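Survey of secondary and tertiary structure
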Amino acid sequence: MSLAFANPRRFLTFARVAIPWVAVLGVVLTSIGFYSAFAFAPADYQQGETVRIMYIHVPAAWLSMACYGLMAISSIGTLVWRHPLADVSAKAIAPIGAAFTFLCLITGSLWGRPMWGTWWVWDARLTSVLVLFLIYCGILALWNAYEDPARAGRAAAVMTLVGAINLPIVKFSVDWWNTLHQPASVFRMGGPTIDRSMLWPLLYVAIGLTLLMLALHLAAMRNEILRRRVRTLGLIAASTESRGPSA
Amino acid sequence: MIDDPHFGFILAAYLIAALVFVGLISWIVTDYRLQKRTLEQLEASGVRRRSDSEVL
């Protein structure tokens, strides 16, 4: 499957067809999820209406880690299989993952202030997510530090795989340490503890935003392929000019 | 819900989320148009790759 799209032209054809369908399906599912979250899901018996921040905070948190996971798999593709689109995929997903992590931090802070009485605490979950955001920023900086995309791709892939150690720390931080942040209530042994009336809207938003993330990823990959074509043609134009008009 | 004492926090969370999504989508769409226009200008000026194969 991955080899079928090793040819960028074939990938561009696939992306042109897939992006609108995936994006529209993502918007529809996200809209259903948000509508259910505000129209049907009840307020929490302790948190009241503030629990509605969960419907954006939790999917953003899941996607911040999913994007990093995708980036780590792409990095293995760059270093081990040298797949021609692996580093394109890794570069394209980095800003999207950083955006979801930023959103997770901000909405978490806005949820924490009324519920915990503070915008921020240095507990293991919050700190490890902040570290995840800083790793994303570092990877984005690394991509821009090299002129040659192939060299940048290898350096970013190494950094991504080193940083992947933070993913299990983020996930299990609430189990390994005593944190103000609550433990997992959806993806846990023994099943979700959250009531169905809240779980379904949450899952709709999460699946919808996942599809939107995939559509944005495909679109960003398409941009990166075009950027590299521009770079190649720019180098050809520059070398032709340097040889002079008679060459 | 508007009467809730924490309504401002809920509104702020969703407004910031909307801003992040609009920003991300606008950046990707603008970048696509920019790359496509630059590519078309280069091809119109007669610059061609040596082979028809896709070179990244």
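Quick notes on the rules
- Residues numbered from 1 in each chain as written.
- Chains lettered and ligands numbered in written order.
- Predicted model: local features only at pLDDT ≥ 70, side-chain atom pairs only at ≥ 80, totals over all residues.
- Helix = DSSP H or I, 4+ residues; strand = E, 2+ residues; numbered from the N terminus.
- Buried ≥ 20, exposed ≤ 12 C-beta atoms within 10 Å, placed from the backbone.
- Expected span 1.5 Å × (residues − 1).
- Bend = angle between axes of the 7 residues up to and from the residue.
- pLDDT = per-residue confidence, 0-100.
- Contact = placed C-beta atoms within 7 Å.
- Nonpolar A, V, L, I, M, F, W, Y, C, P; charged D, E, K, R; others polar.
- Core = buried A, V, L, I, M, F, W, Y, C linked by C-beta atoms within 7 Å.
- Axes fitted to C-alpha atoms, helices over the stretch in contact; angles between N-to-C directions.
- Parallel < 35°, antiparallel > 145°, perpendicular 65-115°, else oblique.
- Left-handed = near helix turned anticlockwise from the far one by under 90°.

Within chain B, the regular secondary structure consists of one helix and zero strands. Counting the 56 residues in chain B, one finds 12% classified as buried.

For the rest of this paragraph, the subject is helix α3 (residues 86-116) of chain A. Residues and elements named next belong to chain A. Taking 1.5 Å as the rise per residue, α3 with 31 residues should run 45 Å; its terminal C-alpha atoms sit 42 Å apart, in good agreement. At alanine 94, α3 is deflected by roughly 30 degrees, the largest bend along its length, and proline proline 95 occurs up to four residues later in sequence. With 24 of its 31 residues buried, α3 lies for the most part within the structure. Just downstream of α3 lies glycine 117, where phi reads positive at about 85 degrees.

Before going further, it helps to spend a moment on the confidence of the model for chain B. With 88% of its residues at a pLDDT of 70 or more, chain B shows a mean pLDDT of 87. Interface predicted TM-score (ipTM) for the complex: 0.89; the corresponding pTM is 0.92.

Between chain B and chain A, the contact holds 26 residues from the first and 35 residues from the second. When the residues that make up the side of chain B that touches chain A are grouped by side-chain class, the tally is 18 nonpolar, three polar and five charged.

Moving on: the nonpolar core. Counting 69 residues, the largest nonpolar core has A:Cys67, A:Ile96 and A:Leu216 as the members making the most contacts within it. Those elements that provide at least two residues to this core are α1 (8-39), α2 (54-81), α3, α4 (124-145), α5 (149-163) and α7 (196-243) of chain A together with α1 (7-44) of chain B. With 17 residues, α7(A) is the single largest residue contributor to this core. Discounting chain neighbours no more than four positions away, the residues touching A:Ile96 are A:Cys67, A:Met213, A:Leu216, A:His217, A:Ala220 and B:Leu24.

It is worth spelling out the packing of α2(A) against α7(A) at this point. Residue and element names in this part refer to chain A. Two elements in contact, α2 and α7, have axes whose closest approach is 9 Å; the angle formed by their N-to-C orientations is 40 degrees. In terms of orientation, α2 and α7 fall into the oblique class. Between α2 and α7 the crossing geometry is right-handed. Listed contacts from α7 to Met54, Tyr55, Val58, Pro59, Trp62, Leu63, Ala66 and Cys67 of α2 are Pro201, Leu202, Val205, Ala206, Leu209, Thr210 and Met213. Residue classes in the contact of α2 with α7 are distributed as 14 nonpolar, one polar and no charged.

Turning next to the environment of A:Arg113. Relative to the assigned elements, A:Arg113 resides in helix α3. Beyond its immediate sequence surroundings of up to four residues, A:Arg113 is in contact with A:Thr118, A:Trp119 and B:Phe9.

Let us now look at the environment of A:Gly69. By secondary structure assignment, the location of A:Gly69 is in helix α2. Between the C-alpha atom of A:Gly69 and that of A:Gly97, which follows or precedes it by 28 residues, the distance is 9.7 Å.

Backbone geometry at A:Arg82 places phi at a positive 50 degrees, although glycine is not the residue there. By the element assignment, A:Arg82 lies in the loop between α2 and α3.

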